[in-house]
Amino acid sequence: MYFKLAFNNVKKSFKDYTIYFLTLTFSVCIFYVFNAMESQKAMMIVSDTTEMMIKNLSTLIGYLSIFIAVVLGFLILYANKFLVRRHNKELGLYMLLGFEKVKISCILVLETFMIGLCSLGVGLGLGIFLSQVLSVFTAKLFGAQMAQFTFVFSKEGLYKSLGCFILIYAIVIFFNIGMISKCKLIDLLYADKKSEEPKVKSLWLSVILFVISVICLAIAYVLIIDNGLMELNIYFYLAFVFAFIGTFLFFMSLSGFLLKVMQCYEKLYYRELNMFIFRQINSKINTTYVSMTFICLMLAVTIVTLSSGMAMNGSMRSELERLTPYDASLIWQRNVRTPEVRHIDIEAVLGTMDLNIGDYAKDAATYNMYETNIPYETFYIGQDLGKQSLYIKNIAQNKIHAIGLSDYNEALKLQGLKPITLKEDEYVLNCIYGELVTILKNYLKQENTLTYEGKDYKATGLLENTLYLQLIAEADIIMVLPDEAVNTSEKTMTGINFNYKSADMEAKLIADVEAKTEGEPQVEGIEIAGLTRKLVYDASVGLSATMTYLTVYVSIVFLLASAAILALQQLTESEDNKVRYKLLRKLGVDEKVIHRALFVQIVIYFMVPLFLAIIHGVVGIYVANTVIMMVGEVNVLGSIVFTAVVFVLIYGVYFVGTYLSSKNLIRSK
């Protein structure tokens, strides 16, 4: 009997379950798709390194999924609360007819279980389909080739999704039973007559709090822009504190402030049902500003992480070719000032290791770097550094390096570039770090003379060539001087760049270096380091793919949670105000006008937290881009378009679902 009763209730009120169904379906789908990632490698031709990176990413996503499961659990509980409230009268009627609370709980559990089972089936089906599509995206991220298409089903993804679903539903069932056991008949029958008490009643207090909120947000923006993300000091934390306080006060005061502003424009305020709409918005925001604060902050995090994560991925990939002009680089850096290493050269170091680069390379170029006493701040003089990152200011005391013209030209030759020429009193600067390049260009417009070893040299320009392999663009300023200027200088670094004879030389080189050094430098005071193009590509691809996956995963869950909570709050509002809409009909208001008023109300309710989140996001993206610029060029437009598409899909689906469900709720019966 209970099963039939529950089934009929679900069948009769299926439209009421739309948002609940969407939330569960999206949750299961997302959980399966991201936890099925490791199985996607069956469709790819991957190297051992790539396979290990995918496995590590899958493990990391598994740990992150624990946090995601908690977020989704709270979200489903919140959705379930709306469903219970929607059926208060129905549950009260059961109690009035003599049903025991245990039996009422059984009916409610069966109803939610039926919807949950449908959501699980649809979510898994959608997740299995999307995981096939996502395999193409995964292959592109990891630079892997796609083998012939193979239908992939992930048992691990299924088990994790089922486990999460069962755990969450166990909590929901426990919550429902506990809530029904505490309910009183009068509370269930007259629940729609109760309304939440407004927290801020004074309109002028709202105006004052609104002004304070704007000031707090302005302080937060200034602090984070000036400080940046690289320095975790008191100003960094204060920026987030002021942002939270400002956002909280903004929503706490918004209802009264917005109503006051609208009342100043009487023609607009009294047009059609605008007065009714803004009174409704005023009432709702006044009682939900705490949740609106967290929704806004989650949306802001989604905008920043999704946009910046995709931009970082594109930036790292675009820089790979520029940072890897050679097959391999070996570097020996001096870390002490003993006489034995003051003038050591590459040949001496190679000799101690019994290595002959000619055995591996078809062509090679050695180079030496020398000390200077010229600090970076020399180039900062007379420039406005307000728009530069804190990192640039922190390296002001770093000393630039010098390199001889012959060594520099050998490096250019190995890259297939034309050599440069210098007179005996000339120099050229070389730098590939974006922010420093801008500073150096401005410097050379107003000053071009530098003193090295007591002699003045004039600048002939600025070049942006990579002199050795790098994982990310390093903040090095190199002064290219005539050979005779550096012949007697102390070496700080000596190295060799080369291209392999054949593709299999890399494995042989790495094995020989490890065998002959046994992980330790053979000359005391010399620090040995090396990179290959393949290692740089693998590291860059692995890091960018990991960042992309994690940011997309977290961002979609936060966006899903935010949209679902807004939808449920608006549905609760529509349910509570059925009597008001019924009264409007009795007063002769046309049904189209009522639906238009409902539409405008939902638009405002969805857009208000998104509007402030976008402002937060713009500031966040601007600050994040200063970090991304350390990696390479930033393509913000592409990542913003991607973020906008994701928002339109998820936020838009919930908006449409909310409008249709609300319209059904207020419909006269």
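Figured I'd write up the structure that's included with this text.

1. Looking at the layout of surface pockets
Here the idea is plain: a probe the size of a water molecule rolls over the atoms and shows the empty space left. Within this model, the second largest pocket holds a volume of roughly 750 Å³. Lining the second largest pocket are 26 residues, and of these Leu229, Phe240, Val301, Val304 and Gly620 sit closest to its centre. Mapped onto the lining of the second largest pocket, the elements with two or more residues apiece are α8 (203-227), α9 (234-264), α11 (274-323), α19 (533-576) and α21 (591-628). Looking at the lining of the second largest pocket element by element, the count peaks at 9 residues for α11. Within the lining of the second largest pocket, the residues separate by chemical class into 20 nonpolar, 6 polar and no charged.

2. A few points about the pairing of strand β7 (residues 449-452)
Residues Leu450 and Tyr452 point to one face of β7 and are all buried, whereas Thr449 and Thr451, pointing to the other face, are not buried. Relative to strand β8 (residues 455-463), β7 runs antiparallel, the two sharing 4 bridges. Residue tyrosine 452 lies in a different strand from β8, and its bridge partner there is lysine 455. Taking the residues between adjacent antiparallel strands as the criterion, β7 and β8 are bridged by 2 residues, where glutamate 453 takes a positive phi near 50°.

3. Details of the environment of lysine 501
By secondary structure assignment, the location of lysine 501 is in the loop between β10 (491-500) and α18 (505-517). Once the C-alpha coordinates of lysine 501 and tyrosine 360 are considered, the two residues, 141 residues apart in sequence, prove to be 5.9 Å apart. Here lysine 501 is in contact with Gly358, Asp359, Tyr360, Ala361 and Lys362, once residues within four sequence places are set aside. A polar side-chain atom of lysine 501 sits 3.0 Å from the main-chain carbonyl oxygen of glycine 358.

4. Things to note about unusual backbone geometry
Look at glutamate 453: it is not a glycine, yet its phi comes out positive at around 50°. Along the chain, glutamate 453 turns up in the loop between β7 and β8. Since its relative accessible area comes to 59%, glutamate 453 is described here as exposed.

5. Some thoughts on the packing of aromatic side chains
According to the stated counting rule, one finds 14 aromatic pairs in the structure shown. Relative to phenylalanine 251, the ring of phenylalanine 250 has its centre 5.2 Å away and its plane inclined at 90°; by these criteria the two rings are edge-to-face. Three or more aromatic residues joined by ring pairs form one cluster here, namely Phe599, Phe606, Phe647, Tyr651, Phe655 and Tyr659.

6. Observations regarding the pattern of salt bridges
Tallying each qualifying case throughout the model produces 2 salt bridges. Ionic pairing is found between glutamate 591 and arginine 585, a salt bridge with its closest N-O pair at 3.0 Å.

7. Points about the environment of leucine 450
Its location among the elements puts leucine 450 in strand β7. Distance from leucine 450 to threonine 378, taken between C-alpha atoms, is 9.2 Å for residues 72 residues apart in sequence. With near-sequence residues (within four places) excluded, leucine 450 lies in contact with Ile374, Thr378, Phe379, Tyr427, Tyr443, Lys455, Asp456, Tyr457 and Met479.

8. Regarding the nonpolar core
Counting residues in each nonpolar core, the largest one holds 106 residues, and the members touching the most others are Phe251 and Tyr654. With 17 residues, the single largest contributor to this core is α19. If you look at the next biggest cluster of nonpolar residues, it comprises 30 residues, including Phe379, Leu450, Ile477 and Leu481.

Cut-offs used in this document
- Residues numbered from 1 in each chain as written.
- Predicted model: local features only at pLDDT ≥ 70, side-chain atom pairs only at ≥ 80, totals over all residues.
- Heavy atoms only, no water.
- 1 Å grid on protein atoms, 1.4 Å probe; cavity = no way out; pocket = protein on both sides within 12 Å on 5 of 7 lines; lining within 4 Å.
- Points joined across faces, edges and corners; volume = space filled by probe spheres on them.
- Helix = DSSP H or I, 4+ residues; strand = E, 2+ residues; numbered from the N terminus.
- Nonpolar A, V, L, I, M, F, W, Y, C, P; charged D, E, K, R; others polar.
- Buried < 20%, exposed > 50% of the residue type's maximum accessible area, 1.4 Å probe, protein only.
- Pairing = 2+ DSSP bridges.
- Contact = heavy atoms within 4.5 Å.
- Polar contact = N/O pair within 3.5 Å; in protein donor to acceptor, adjacent residues only side chain to side chain.
- Phe/Tyr/Trp six-rings, centres within 6.5 Å; stacked < 30°, edge-to-face > 60°.
- Salt bridge = Lys/Arg side-chain N within 4 Å of Asp/Glu carboxyl O.
- Core = buried A, V, L, I, M, F, W, Y, C linked by side-chain atoms within 4.5 Å.

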